[in-house]
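Each chain, written out:
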Amino acid sequence: MKFHILTLFPEMVMQGLTTSIIGRAVERGLLEIETVNIRDYSAEKHKKVDDYPYGGGAGMVMQAQPVYDAWKSVVDKIGYRPRTVYLTPQGGVFHQEAAKEFALEKDLILLCGHYEGIDERVLEEITTDYVSIGDYVLTGGELAAMVVADAVSRMVPGVLSNQESGTAESFEGNLLEYPQYSRPREWNGREVPAVLLSGDHAKVDEWRREQSILRTKERRPDLLERADLTEKEKIRFQIGKSEKLF
Ligand code: 6GU
């Protein structure tokens, strides 16, 4: 799949996405990442991309024209209007299921805003999805776009090796992952749980499932309502219809 990232800071985005697993997937041709510098599409002689907000107030607003022309350059190149995600704290909060859904697209445009936002009229014209990465405010959409691109990329077939793509990872079935241990058997006076050294795979699986449920109940009780649990597990771990959130 190909990401087209519309931004005023293309170097920042590229730096963040060309290392490690994502960088390797790009080299292997499984992913393409293109940045489009919105400033290159300014029709203004000083390459200005922002102006004061109508109605007054603090800050500057990114103007419609350069954003639209940057977006249109992608559309003209690929020949269709792809899903276009605007990263904004006003969007729906990004989650694993959305990552899987975006990973099915051939092309995905990620639009990064700055200043006090982008002129509403161009957003109405081009945006298909409004996405936030959490309830806090960033200085711009770039870090959010990088987070989304990373989470989507690892859902593209082949990007993760078999080693890396455990099926029992956090959020599968709305449960957190179980704890992991590696050598040595004893570290700082702490032992690895004995069951993991037993060689009894059924017992190991059972213990890990239990740990996932307990950990989710403890750390993310809000997830439990949607977790895939058997009736037996619900009774055993005392998980009711409306688990208290906080
Ligand atoms: Cl997507 N953008 C910005 N600027 N701030 C955010 C965000 C996005 N998600 C959470 N905070």
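Residues numbered from 1 in each chain as written. Predicted model: local features only at pLDDT ≥ 70, side-chain atom pairs only at ≥ 80, totals over all residues. Heavy atoms only, no water.

> What is the right way to look at the domain arrangement of the protein in this model?
What the domain assignment reports for the protein is domain 1 (2-153) and domain 2 (168-236). Centre-to-centre separation of domain 1 and domain 2, based on C-alpha positions: 37 Å. (Domains from an automatic or database assignment.)

> What exactly am I supposed to notice about the nonpolar core here?
One broad rule of soluble globular proteins: the nonpolar side chains tend to lie buried together. Residues Phe 3, Ile 5, Phe 94, Leu 110 and Val 152 are the most contacted members of the largest nonpolar core, which totals 29 residues. At the level of secondary structure, the elements contributing two or more residues to this core comprise strand 1 (2-7), helix 1 (10-17), helix 2 (20-27), strand 5 (83-93), helix 4 (96-102), strand 6 (107-112) and helix 6 (142-153). With seven residues, the single largest contributor to this core is helix 6. Ignoring sequence-local partners within four residues, the contact set of Phe 3 consists of Leu 31, Glu 32, Ile 33, Glu 34, Leu 108, Leu 110, Ala 149, Val 152 and Ser 153. (Core = buried A, V, L, I, M, F, W, Y, C linked by side-chain atoms within 4.5 Å. Buried < 20%, exposed > 50% of the residue type's maximum accessible area, 1.4 Å probe, protein only. Helix = DSSP H or I, 4+ residues; strand = E, 2+ residues; numbered from the N terminus. Contact = heavy atoms within 4.5 Å.)

> Can you help me understand the pairing of strand 1 in this one?
Two faces make up the sheet, and in a regular strand the side chains alternate between them. Buried residues dominate strand 1, accounting for six of its six residues. The alternating pattern of strand 1 places Lys 2, His 4 and Leu 6 on one face and Phe 3, Ile 5 and Thr 7 on the opposite face, and all of these are buried. For strand 1 and strand 2 (residues 32-37), the ladder comprises six bridges, and the chain directions are parallel. Considered in strand 2, the bridge of Thr 7 is made with Asn 37. Bridge count for strand 1 against strand 6 is five bridges, and the pairing is parallel. Bridged to Lys 2 within strand 6 is Asp 107. (Pairing = 2+ DSSP bridges.)

> Would you explain the sheet that holds strand 6 in this entry?
Through backbone hydrogen bonds, the strands of a sheet pair up, either in parallel or in antiparallel fashion. An order of 2-1-6-5-7 is seen for the five strands of this open sheet, with the pairing classed as parallel. Unpaired on one side and paired on the other, strand 2 and strand 7 (129-132) mark the two borders of the sheet. Here the strands of the sheet are splayed against their neighbours by 30° on average, with no regard to which way each runs. Across five bridges, strand 5 lies against strand 6 in parallel orientation. (Axes fitted to C-alpha atoms, helices over the stretch in contact; angles between N-to-C directions.)

> What am I meant to see in the site of the ligand here?
Around the ligand lies a shell formed by Leu 87, Thr 88, Pro 89, Val 131, Ser 132, Ile 133, Gly 134, Tyr 136, Val 137, Leu 138, Gly 140 and Ala 144. Residue Ile 133 places a main-chain N or O atom 3.0 Å away from a nitrogen atom belonging to the ligand. The backbone of Tyr 136 places a nitrogen or oxygen atom 2.5 Å from a nitrogen atom of the ligand. Elements with a contribution of two residues or more to the shell around the ligand: strand 5 and strand 7. Sort the elements by how many residues they give to the shell around the ligand and strand 5 lands first, with three residues. (Near = heavy atom within 4 Å. Polar contact = N/O pair within 3.5 Å; in protein donor to acceptor, adjacent residues only side chain to side chain.)

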